[in-house]
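Report on the structure
Residue-level listing of the chains:
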Amino acid sequence: MSQTIPPVLSVVPTRALVDETFKVVVENLPPASPVTLHALLYSEDKDYWEAYGHYVSDHRGTVSVAEDMSLGGTYTGKEAMGLLWSMRPEPGSRTGLRLRKREVTSPMLVHISVYSGHITEGFRKQSPLASVPTERWYMAPGVQRIEIKEKGVRGTFFIPPGPGPFPGLLDMWGGRGGLLEYRSALLASHGYASLALEYFSPSELQSADLQIQYFETAFNIIKDHPQVIPDKVGILGLSLGTMLAFNLVAESTKIKPRCCVCISGHHLVSNRLMIDGSLPNDPKKLRFDENNYLIRRDVVLPVPSDPSQKIDVRNIKCPMLLVNGDDDQNSPTVEAAEDIGNMMRSGGNLHLLSTLTYPDTGHLIEPPYSPHFRATTVRAPRTKEKVMILWGGQTKPHSDAQEDSWRKILAYLHHHLYSSTTPKAKM
Amino acid sequence: MSKTIPPVLSVVPTRALVDETFKVVVENLPPASPVTLHALLYSEDKDYWEAYGHYVSDHRGTVSVAEDMSLGGTYTGKEAMGLLWSMRPEPGSRTGLRLRKREVTSPMLVHISVYSGHITEGFRKQSPLASVPTERWYMAPGVQRIEIKEKGVRGTFFIPPGPGPFPGLLDMWGGGGGLLEYRSALLASHGYASLALEYFSPGELQSADLQMQYFETAFNIIKDHPQVIPDKVGILGLSLGTILAFYLAAESTKIKPRCCVCISGHHLASNRLMIDGSLPNDPKKTRFDENNYRIWRDVVLPVPSDPSQKIDMRKIKCPMLLVNGDDDQNSPTVEAAEDIANMMRSGGNLHLLSTLTYPNTGHLIEPPYSPHFRATNFIIPTATKEKVIVLWGGQSKPHSDAQEDSWRKILSFLQHHLCSSTIPKARM
C-alpha cells in the first residue's frame, strides 16, 4: 500500500506582471476536505501581508481558486485573484500601513500555500501542506529604467524595449511626495515611455515649486526624447497629480498633451496652486470618523460657483478620462466631476470628457490586484505628526474598480496614443 | 495630422517556463502588409540561433502568430510556437551545432522582432520595426538546486518548492556524457524531485564504471531524501539512459522504480553493458548518408533471437512508457519496441507496457519548443575522441509536434503513477 501522497499545489504562471492573472489549483486532497489557501508577502518595509480563503475540495479532491467559492477568509466567493487583492497586514502588525513597491527592477515574491482545515490566524507558525513562491513584476524584460536629473526636473523614465518610437506619458503621483516608480514601470511594460515625476519631497509640499514651468519642462523632456513620438504624449495623474494635470491642460500655452487620465482628482483650486502650493486647508472643515480617521473631502466644498476659484476646464482642448470612486473620503471627486461636466458643457468642449465612477470605491485607485487601504498613516506636512487619513472604499468593490479601471485606462491610452484614423506605420 | 505610429509588438507572457506557450501579436500595421516575425537567441556557446515566419496583416493591420498562417520562413502554417521550435543556427555559423542550456538558474533570452517585408537573411544587420525580449525558464521560482557528490555518485538534484514530500525521478541522459540539468530542473518545476545523474564524462564511456551499483546508489539517494516519498520514485531515460533504465528495471534486486519513461532507447545490449560499457560498435555496420553523416541504427541489428543477447524485459515489474521516433537514425528503437512487446507478451507482463511512436521523428526527443537537430557534432566515446557528425533523424515539424505531444503524455504518465493512488489519501 503506498504511503500517503501530499496534496499538489500549482500556481500558473509562477512569474507574471502585476496586472496578469494566475490560476491556483490544489489536487490530491481527500474529497470534501476543508483547506485554507493562503498568500504571504514580506514587504520592503519588513511587514508581513497576508490573504486567505476557505475552500472545500470536490469529489476528485481538487480545489481551483478560479472556479470554486471561498467560504470565508479575507475574501469570499469566486475570486481568482482574491489571494492578492484582499491582502492586509498580518494581525499584530503596525497600523495604517500601505503596500507600495519602491524597487521595481525586482519582483514581489508572494508565497501561496495550502493548509489543512479552515484556519484564520497563526499561519506562519504552522506547516502548510504545500507551498509555491510566485513572482509578481512591475517591469517586463527589456524595459529601460533611466534616472532623470535634467533642467531641474527630477524623475525616473521607463522606456519599452525595442527601437520605438513610442507614445509618452507624464505620470504624476499624489500629495504625499517623493517618487514612486511602479506605475510608470508597468505602463512601459505596456508600451508607453513613461516618466514618473518627482515634484516635491515627502511632506514638503508647502515649500515646493509647483510652477507650471517645471511640469512643462518635464513634459518636453519626454516629447523631445528620440524614442518618443512627439505628438503622442499624454498625462496620467492621481489625486494631487490630477489637479496639476487639470491645471496644465487648461492653462499651459507651451505643451499640448494628446490626452489625460485623471484619477481621483478635482478642479477645486485656484490658480494659486501652481504658485504657492497652497492646498486648501481649512481646519474647520476637517471631519473625523468613528475611528478618529481624518476625512478631508469637505475641505474644498462646497463647489464654488465663481470660476476663478476653480481650474477653468472650459479651456481644455484634449480628451480627458476621469476615474473616481463614489466613496472617496479624501476628495469630493464625484461632486467635482459633475461640476466639470457642467463647465465643459457651457464651454462647448464636453465631447472631450469621459467619466468613470465606481461604487463603494475610495481614493487610492491603483493597478489591479493591489491591496486596498481604507485608511493609512500619513505625516502632517508641517507638524510631521502622524495622522490616519481615511481614503474610503470597501475592499471588494474597490478591487473590482481597480481591475476594471485599469483595463479601461489602457484601452483609452491605446485609442488616443496608439491608433489613428488612418493607420500608418513607419515602414 | 499625426505623425506615423510604429507597429506595436506584444509577446504575452514575457516570462515563462520553456514548455509554456506565448502569444505574439503585431498591431498598427497597414492592412495587407507583408512582415517577417523573427526570433533571435545568443547561446551560451556564443552562436546566434534564429527562426522566422512570413506574414501578411489583416484588414485591421494585425498579425497574430497563434491564429495566422506563416507563408514561408523556417516554419509555415498556423504555428503559435514556430518561432521557437524551428530555430536553427544563423547561416554562416559553425556546423553541427546543438542548443542545450547548461546554466539553468538563468533564463534563455529570446528576442522577438518584426521586420518590414518578407526577408530571409541579414536580420541582425537591419532595424526591426519593433522588438521585445522574452525569458524562457527551465526553473520555476523556489526550485532548489543541490549538487550531489555522495557515495561516489555525481549529479544535480532539483527539489520543488514547499515542504513536500514529493515523488522522485532518476533522470539519465544519453551517450554524449557529462551532466545536463535542464530536464531535471523542468521536472522539478512540475513537482518531481529529480536527480540529473552524471555517469561518465564526455568521451569517456569506454572507461566509465557503469556498474549497476552506481545507479542503485543514485536511486537510493533520491529515495532516502527526507523530501521524497520513498515508494514513488521513477526513472526517466533518453538513449543510453534508457538502455540503462531497462537494465536496472529488469535486473536490479535492490531498487524498485515505481515507473519508467524510456525515450529513444532499446534493449539490444547484453549484460556486458554494465561491465565494460561496451556499446556495440561494429564499424562494418555504420552507414553514411548523402552528407557523410553517421547512421548508427544498424549497429545493433538485427534484433537477436537469443534472449541472452538482450536485456530480459520479461523480468520488468513496473509500468513502462516507451517514447520513440520512427525516423530515428541513431537507434533502431521501433524494431526494438516491437521485440520488447513480444518478450513481454511471452513473459506475461505486457500489461505494464505503453509505447508511443511518432512519425518522422528522430532520436533526440526533448522538451517542447526545443529546436530540432537532424544531425549534430558528436565526440565518439572512445580513446580517440573522434569528432563526427551523427545523424539523429526526424523532420523539424513532425519532430517538434512529437516533442510537444510526448512531453504532455510523459507528464500525465508520471502524474498517474507517482502522484495519484487508487485511494486518494493526503497527509493531513
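The rules behind these values
Residues numbered from 1 in each chain as written. Chains lettered and ligands numbered in written order. Predicted model: local features only at pLDDT ≥ 70, side-chain atom pairs only at ≥ 80, totals over all residues. Heavy atoms only, no water. Helix = DSSP H or I, 4+ residues; strand = E, 2+ residues; numbered from the N terminus. Rg over C-alpha atoms; globule rule 2.2 N^0.38 Å. Buried < 20%, exposed > 50% of the residue type's maximum accessible area, 1.4 Å probe, protein only. Contact = heavy atoms within 4.5 Å. Lys, Arg positive; Asp, Glu negative; His and termini not counted. Charge placed at Lys NZ, Arg CZ, Asp CG, Glu CD. Axes fitted to C-alpha atoms, helices over the stretch in contact; angles between N-to-C directions. Parallel < 35°, antiparallel > 145°, perpendicular 65-115°, else oblique. Left-handed = near helix turned anticlockwise from the far one by under 90°. Nonpolar A, V, L, I, M, F, W, Y, C, P; charged D, E, K, R; others polar. Patch = residues over 30% accessible without salt bridge, like charges linked within 9 Å, V, L, I, M, F, W, Y side chains within 5 Å. Areas by Shrake-Rupley, 256 points an atom, 1.4 Å probe, with all protein chains shown as cover. Salt bridge = Lys/Arg side-chain N within 4 Å of Asp/Glu carboxyl O. Domains from an automatic or database assignment. Buried area = accessible area lost by both parts, 1.4 Å probe. Pairing = 2+ DSSP bridges. Right-handed = clockwise from strand over helix to strand, strands pointing away. UniProt positions renumbered as here; feature names shortened; annotations may be inferred. Polar contact = N/O pair within 3.5 Å; in protein donor to acceptor, adjacent residues only side chain to side chain.

1. Quick word on the overall build of chain B
Per the secondary structure count, chain B includes seven helices and 21 strands. In terms of C-alpha radius of gyration, chain B reaches 23 Å, essentially the compact-globule figure of 22 Å for 428 residues. Once the C-alpha set of chain B is aligned to its principal axes, its extents read approximately 80 × 60 × 40 Å. A burial count over chain B gives 62% of its 428 residues as buried. By sequence separation, contacts in chain B at least 24 residues apart represent 71% of the contacts at least 6 residues apart. Each charge class in chain B was averaged separately, 44 positive and 44 negative side chains, and the resulting centres sit 4 Å apart.

2. What to know about the environment of Leu244(B)
Considering the arrangement of structural elements, one finds Leu244(B) in helix α4 (residues 240-251). Each C-alpha atom of the pair Leu244(B) and Met172(B) lies 8.2 Å from the other, and the pair is 72 residues apart in sequence.

3. Some details on the packing of helix α2 (residues 182-189) of chain B against helix α7 (residues 396-419) of chain B
Residues and elements named next belong to chain B. With their axes 12 Å apart at the nearest point, α2 and α7 run at an angle of 55° to one another. Taken together, the axes of α2 and α7 are oblique relative to one another. Considering the relative orientation of α2 and α7, their crossing is right-handed. Here Arg183, Leu186 and Leu187 of α2 lie close against α7, whose contacting residues are Trp407, Leu411 and Leu414. Its residues assigned to classes, the contact of α2 with α7 comprises five nonpolar, no polar and one charged.

4. Quick notes on a nonpolar patch on the surface
On the surface, a cluster of nonpolar side chains totalling about 290 Å² of accessible area is made up of Val56(A), Met69(A) and Leu71(A). Mapped onto the elements, Met69(A) comes out in the loop between β6 (63-64) and α1 (82-85).

5. A look at the environment of Ala16(A)
All names here are of chain A. By secondary structure assignment, the location of Ala16 is in strand β2 (residues 15-17). Along the backbone, Ala16 and Met139 are 123 residues apart, and their C-alpha atoms lie at a distance of 9.6 Å. In contact with Ala16, other than residues within four places in its own chain, are Glu135, Arg136 and Trp137.

6. Description of the domain arrangement of chain A
All names here are of chain A. What the domain assignment reports for chain A is domain 1 (8-137) and domain 2 (144-418). Counting residues at the interface gives 23 residues for domain 1 and 28 residues for domain 2. Across the interface of domain 1 and domain 2, roughly 2,000 Å² is buried in total on both sides, 65% from carbon and sulfur atoms. Summed over the three residues of domain 1 that lose the most area to domain 2, namely Trp85, Arg98 and Arg100, the buried surface amounts to 36% of that side. At the boundary of domain 1 with domain 2, the tally comes to two salt bridges. Note that Glu79 is salt-bridged to Lys396, the shortest N-O span being 2.4 Å.

7. Remarks on the pairing of strand β15 (residues 260-263) of chain A
Residues and elements named next belong to chain A. By the alternation rule, side chains of β15 split into Cys260 and Cys262 and Val261 and Ile263, which are all buried. Judged from the four bridges that link them, strand β14 (residues 228-238) and β15 form a sheet pairing that is parallel. Paired with Gly237 across the two strands is Cys262, which belongs to β15. Of the crossover connections in this fold, the one passing from β14 over helix α4 (residues 240-251) to the parallel β15 is right-handed. By the bridge criterion, four bridges tie β15 to strand β18 (residues 320-325) in an arrangement that is parallel. Counterpart to Val261 in the pairing with β18 is Leu321.

8. Topic: the pattern of salt bridges
The tally for this structure, following the rule as stated, stands at 43 salt bridges over all chains. Overlapping salt bridges bring together Glu79(A), Lys396(A) and Asp400(A) as one network.

9. Concerning the UniProt feature "active site" (unreviewed entry) in chain B
Residue and element names in this part refer to chain B. The positions that UniProt labels "active site" (unreviewed entry) are, in the present scheme, Ser239, Asp328 and His363. Their sequence span is 125 residues, while the largest C-alpha to C-alpha distance among them is just 10.7 Å; these annotated residues converge on one region. With respect to the secondary-structure elements, Ser239 resides in the loop between β14 (228-238) and α4. Ignoring anything within four residues of it in the chain, the contact list for Ser239 reads Gly174, Ile263, Ser264, Gly265, Asn330 and His363. Within the secondary structure, His363 is located in the loop between β19 (353-358) and β20 (375-379). Residue His363 is classed as buried on the basis of its relative accessible area, which comes to 1%. Every residue in contact with His363, bar those within four places of it in the chain, is listed here: Leu238, Ser239, Ser264, Asp328, Asn330, Ser331, Trp392 and His399. For His363, the side chain forms a polar contact with the side chain of Asp328, separated by 2.7 Å.

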